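Structural description and commentary
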Amino acid sequence: MAGFLVSLLMPRKKEKLISTLVLGAVGFHLAAIICFSLYWLMNDHPVLDTMLITLFTTPELEIFIDFYFDKVTAVYAVIGAAITFLVAVFSRYYLHREEGFKRFFSSLLLFYTGYNIIIFSGNFETLFIGWEFLGISSFLLIAFYRDRFLPVKNGMKVISIYRLSDICLLLAMWLSHHLWHENITFIKLNDVALVAAKLQEHSLLFAGISIMLLIAAAAKSAQFPFSSWLPRAMEGPTSSSAIFYGSLSVHIGVFLLLRTYPFWVNAPAIKVTIIILGLITILIANSIARVQSSVKTQIAYSSIVQIGIIFIEVALGFHTLALIHFTGNAFLRTYQLLVSPSVLSYLTHDQFYHFDPAKNKTGRASLNRISNSLYILSIKEWNLDGFLYRYLWSPFKWIGKQLHFLTNRPFIIFFVAVYLLGLYCFFFSDSMPVFLNNFLPVVLSLAGSLLVLRAFAERGDARKAWLLVFASQFFIVLSILLNDHVGIDELITFAGGSMLSAIAGYLCLNKVYAIDNDITLDGYHGYTYEKPTLGFIFLLSCLGLLGFPITPTFIGVDLLFSHIHEKQYALIAFTSISFVFIELSVLRIYSRVFMGQHKKAHHAIAYRSS
């Protein structure tokens with residue numbers, strides 16, 4: 001983290017200084033973790049748990065940073081440090097004279113910070129901080145070549161799957177708070193008697209938490225049906241593909257399953273589900289990998305196959321084997337991705353073109369038809385990308401498009417009236433009917449989610465979409481205020497960060513609009529070339545609004561979710577939808593306004609397709 005902060009202050013053109021800083025930071029970390037691990041092994045390798053700092057305390061909940069060290073942490077830490085150091089050395093020469101040299105290494109250190117926070121985390125809150133770091137650094141590195149169409153588009157695709165993973169982890173935390181009535185640490189999850197007793201009392205809560213954790217792990221590790229995002233993530237530089245999607249980031253889902261194994265070890269249904277999920281992923285990803293013409297796609301799907309096997313190993317309890325398998329797969333995929341450009345370069349000297357008609361196949365025609373069908377399906381990657389878009393994101397986008405009337409004056413007046421009614425009920429709750437106090441939080445939460453969906457589908461003025469996201473925050477906060485008693489300090493924690501970010505972001509959009517009165521969201525504008533500082537400030541505003549761990553909003557989101565009761569399914573559903581699409585909406589605004597090929601002819605124009 002220190003290296004990342006210092007790298008932001010480095011001059012952009014001082015390549016040697018930047019790379020030396022990064023190599024020094026990562027190299028020192030590698031040496032330190034090896035020395036510490038050896039010392040730890042020679043002292044009977046005890047499980048270490050340390051509560052570092054308490055961030056916020058309420059009568060019902062304590063949010064704190066907790067660090068944890070065991071054999072899983074040791075393996076992930078050493079392998080992560082070694083691979084990051086190797087990739088940093090490679091990138092020093094591979095990205096020489098690249099315009100985004102500094103940007104790449106800063107993003108790499110941001111990623112590595114998030115990775116270490118995850119693997120050293122001792123509770124869900126600490127893990128979620130690293131989870132968010134990993135997501136945003138993925139987006140920035142996939143869209144590294146931001147003057148092209150596909151990298152930016154695929155960056156949004158990947159962050160959408162990551163956001164689904166984020167919200168599932170957040171829901172697991174919410175259910176966990178209701179199950180344990182505390183911020184449970186991973187060392188407490190190793191208490192078999194305690195977990196078994198809770199399982200008998202709250203089997204439905206256990207099932208809900210386990211399913212959320214499984215979806216979060218599957219999405220992060222590109223398991224079925226989320227496999228299609230991994231090859232799309234290869235749009236970034238080869239070195240970032242190696243460290244992210246070949247070795248480290250893609251194995252974080254495995255880490256989550258290993259860390260929470262004591263929680264679901266006594267749930268046979270979850271074990272069977274993980275095994276079935278792994279088997280389906282193996283069969284589908286293996287068939288896709290065998291027919292792809294792109295080397296990166298082949299490596300991506302080959303890695304997915306191995307991770308599917310590791311999922312099965314974890315479910316069966318073979319954790320040492322899973323860690324060895326992770327180590328081998330991580331180093332192999334890193335090596336394959338780093339040498340792939342050289343291999344392709346060598347092969348161009350010997351390449352020749354010919355057509356060799358297939359010989360007549362013998363055997364039953366029905367088997368040949370099945371074989372040919374599987375071949376076509378694999379070439380099309382089993383349409384997984386289209387499936388996710390059609391059935392996961394397209395319905396929400398369609399709903400958002402149908403809500404175009406929300407920005408008309410009568411509906412604005414109606415929304416304001418509903419909000420004022422909510423405020424009146426909040427200040428005079430004692431005189432309000434009980435059914436209204438129970439019903440209004442759901443209505444307000446629904447209104448907030450509708451505003452966010454409209455912002456997500458907005459193709460007009462970016463400022464309008466930004467204001468819709470900002471307005472949704474007021475409805476979400478009021479719905480929680482009416483639902484449960486919320487302290488003024490909790491309210492300030494959430495609203496303070498989000499409001500400052502929203503105001504700063506709107507001012508940035510206004511400054512960009514003043515250039516040529518056009519920041520519509522139906523295309524890319526690429527203003528980061530003319531206004532790089534403004535683009536950076538707007539990105540920070542986006543992160544603050546969505547609750548990234550650089551503002552108090554991050555703590556506020558956890559606090560707000562803790563005030564939603566266990567069986568308030570409608571309220572948690574609408575609130576979760578809002579937080580999923582808030583991130584997607586604000587990052588979409590950022591990518592459309594500041595990224596992509598510049599619309600002005602005097603700037604270099606990249607091809608639409610890469």
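So, a few notes on the structure that sits alongside this text. Values in this document were obtained by computation on a predicted structure and should not be read as measured data. (Residues numbered from 1 in each chain as written. Predicted model: local features only at pLDDT ≥ 70, side-chain atom pairs only at ≥ 80, totals over all residues. Heavy atoms only, no water.)

1. A few points about the overall build of the protein
Helices and strands together make up the secondary structure of the protein, namely 25 helices and 2 strands. A globule of 610 residues ought to have a C-alpha radius of gyration of about 25 Å, and the protein, at 25 Å, matches this closely. Along the first, second and third principal axes, the C-alpha set of the protein runs to 80 × 65 × 60 Å. Counting all 610 residues of the protein, 55% fall into the buried class. Intrachain contacts of the protein at a sequence separation of at least 6 include 79% that bridge at least 24 residues. (Helix = DSSP H or I, 4+ residues; strand = E, 2+ residues; numbered from the N terminus. Rg over C-alpha atoms; globule rule 2.2 N^0.38 Å. Buried < 20%, exposed > 50% of the residue type's maximum accessible area, 1.4 Å probe, protein only. Contact = heavy atoms within 4.5 Å.)

2. Notes on unusual backbone geometry
Leaving glycine out, the prevailing phi sign among residues is negative, and the prevailing peptide bond configuration is trans. That bond from Phe224 to Pro225 is cis: its omega, 5°, falls within 30 degrees of zero. By the element assignment, Pro225 lies in the loop between α9 (203-220) and α10 (229-232). One non-glycine residue with positive phi stands out, namely Asp44, at about 65°. In this structure, Asp44 sits in the loop between α2 (15-42) and β1 (48-57). Of note in the backbone geometry, His181 takes a positive phi value of approximately 55° without being a glycine.

3. Focus on the pattern of salt bridges
Tallied over the entire structure, the rule returns 11 salt bridges. In this structure, Glu235 engages Arg148 in a salt bridge whose closest nitrogen and oxygen atoms are separated by 3.5 Å. Of the two residues, Glu235 sits in the loop between α10 and α11 (238-247) while Arg148 sits in the loop between α5 (124-142) and α6 (149-180), which places them 87 residues apart along the sequence. Note on Arg148: relative accessible area 23%, which makes it partly exposed. Between Glu182 and Lys188 there is a salt bridge; the shortest N-O distance is 2.9 Å. A single network of salt bridges, built from pairs that share partners, joins Glu132, Arg163, Asp166 and Glu583. (Salt bridge = Lys/Arg side-chain N within 4 Å of Asp/Glu carboxyl O.)

4. A few points about the pairing of strand β2 (residues 62-69)
Summarising burial for β2: 6 of the 8 residues are buried, a large majority. When β1 meets β2, the two strands line up antiparallel, connected through 8 bridges. Bridge pairing links Met51 to Asp66 in β2. Linking two consecutive strands that pair antiparallel, namely β1 and β2, is a turn of 4 residues. (Pairing = 2+ DSSP bridges.)

5. Digging into the nonpolar core
Grouped together as the largest cluster of nonpolar side chains are 202 residues, with contacts concentrated most on Tyr76, Tyr115, Trp229 and Val593. Here this core takes 19 residues from α6, the largest share from any one element. Once residues lying within four places of it in the same chain are set aside, the contact partners of Tyr76 are Tyr115, Ile119, His251, Val254, Phe255, Leu258, Leu323 and Phe326. (Core = buried A, V, L, I, M, F, W, Y, C linked by side-chain atoms within 4.5 Å.)

6. As for the packing of α9 against helix α14 (residues 268-289)
Relative orientation of the contacting elements α9 and α14 amounts to 20°, with a least axis distance of 11 Å. Relative to α14, the element α9 lies roughly parallel. Between α9 and α14 the crossing geometry is right-handed. In this structure, α9 contributes Ser210, Ile211, Leu214 and Ala218 to the contact, and α14 contributes Ile270, Thr273, Ile274 and Leu277. Along the lines of polarity and charge, the residues of the contact of α9 with α14 split into 6 nonpolar, 2 polar and no charged. (Axes fitted to C-alpha atoms, helices over the stretch in contact; angles between N-to-C directions. Parallel < 35°, antiparallel > 145°, perpendicular 65-115°, else oblique. Left-handed = near helix turned anticlockwise from the far one by under 90°. Nonpolar A, V, L, I, M, F, W, Y, C, P; charged D, E, K, R; others polar.)

7. Examining the layout of surface pockets
Remark: the empty space left among the atoms is shown by a probe the size of a water molecule rolled over them. As a volume, the largest pocket reaches approximately 1000 Å³. Among the secondary structure elements, those contributing two or more residues to the lining of the largest pocket are α1 (2-7), α4 (101-119), α5 and α23 (532-546). Its residues placed into classes, the lining of the largest pocket shows 20 nonpolar, 7 polar and 5 charged. Looking at the second largest pocket, its volume works out to about 790 Å³. Those elements giving two or more residues to the lining of the second largest pocket turn out to be α6, α10, α18 (384-402), α20 (434-457) and α25 (569-594). Looking at side-chain class alone, the lining of the second largest pocket contains 12 nonpolar, 6 polar and 12 charged residues. (1 Å grid on protein atoms, 1.4 Å probe; cavity = no way out; pocket = protein on both sides within 12 Å on 5 of 7 lines; lining within 4 Å. Points joined across faces, edges and corners; volume = space filled by probe spheres on them.)

8. Some thoughts on helix α19 (residues 409-427)
The first and last C-alpha atoms of α19 sit 27 Å apart over 19 residues, in line with the 27 Å expected at 1.5 Å per residue. Listing the buried residues of α19 in full gives Phe415, Val418, Tyr419, Gly422 and Cys425. One side of α19 carries all its buried residues, which in axial view fall inside an arc of 120°. Away from its buried face by more than 90 degrees, α19 exposes Arg409, Pro410, Ile413, Leu420 and Phe427. (Expected span 1.5 Å × (residues − 1). Arc of directions from axis to C-beta.)

9. Here's the deal with empty space enclosed by the protein
Scanning the entire structure with this criterion turns up 2 cavities of 30 Å³ or more. Considering only enclosed or pocket space, the largest cavity measures out at about 120 Å³ in volume. What lines the largest cavity is a set of 13 residues, among which Phe128, Leu170, Phe554, Val557 and Asp558 lie closest to the centre. Of all the secondary-structure elements, those providing two or more residues to the lining of the largest cavity are α5, α6 and α24 (553-562). Take the lining of the largest cavity: its biggest share by element is 4 residues, from α24. Split by residue class, the lining of the largest cavity holds 8 nonpolar, 1 polar and 4 charged. Its boundaries defined by the atoms lining it, the second largest cavity holds a volume of some 40 Å³. Lining the second largest cavity are Glu132, Gly135, Ile136, Asp166, Leu543, Leu546, Phe548 and Glu583. Looking at the lining of the second largest cavity, the elements that each hand over two or more residues are α5 and α23. Broken down by class, the residue content of the lining of the second largest cavity amounts to 4 nonpolar, 1 polar and 3 charged.

10. Section: a nonpolar patch on the surface
A cluster of nonpolar residues, Ile34, Phe36, Leu38, Tyr39, Leu41, Met42 and Leu48, forms a patch on the protein surface that exposes about 690 Å² of accessible area. With 6 residues, the top contributor of residues to the nonpolar patch is α2. Within the secondary structure, Ile34 sits in helix α2. The exposure class of Ile34 is partly exposed, given its relative accessible area of 35%. (Patch = residues over 30% accessible without salt bridge, like charges linked within 9 Å, V, L, I, M, F, W, Y side chains within 5 Å. Areas by Shrake-Rupley, 256 points an atom, 1.4 Å probe, with all protein chains shown as cover.)

11. Here we look at the side chain of Ser585
Structurally, the position occupied by Ser585 is in helix α25. The contact partners of Ser585, leaving out residues within four places of it in the chain, are Val452, Ala455, Phe456 and Val469.

12. Observations regarding the packing of aromatic side chains
Scanning the entire structure with this criterion turns up 35 aromatic pairs. Ring centres of Phe111 and Phe244 lie 4.1 Å apart, and the angle between their planes is 35°; this geometry places the pair in the tilted category. With Phe111 in helix α4 and Phe244 in helix α11, the pair connects residues that are 133 residues apart, well separated along the chain. Here Phe111 matches Phe244 in class, with each residue buried. Aromatic pair Phe144 and Tyr145: ring centres 5.0 Å apart, planes at 80°, arrangement edge-to-face. (Phe/Tyr/Trp six-rings, centres within 6.5 Å; stacked < 30°, edge-to-face > 60°.)

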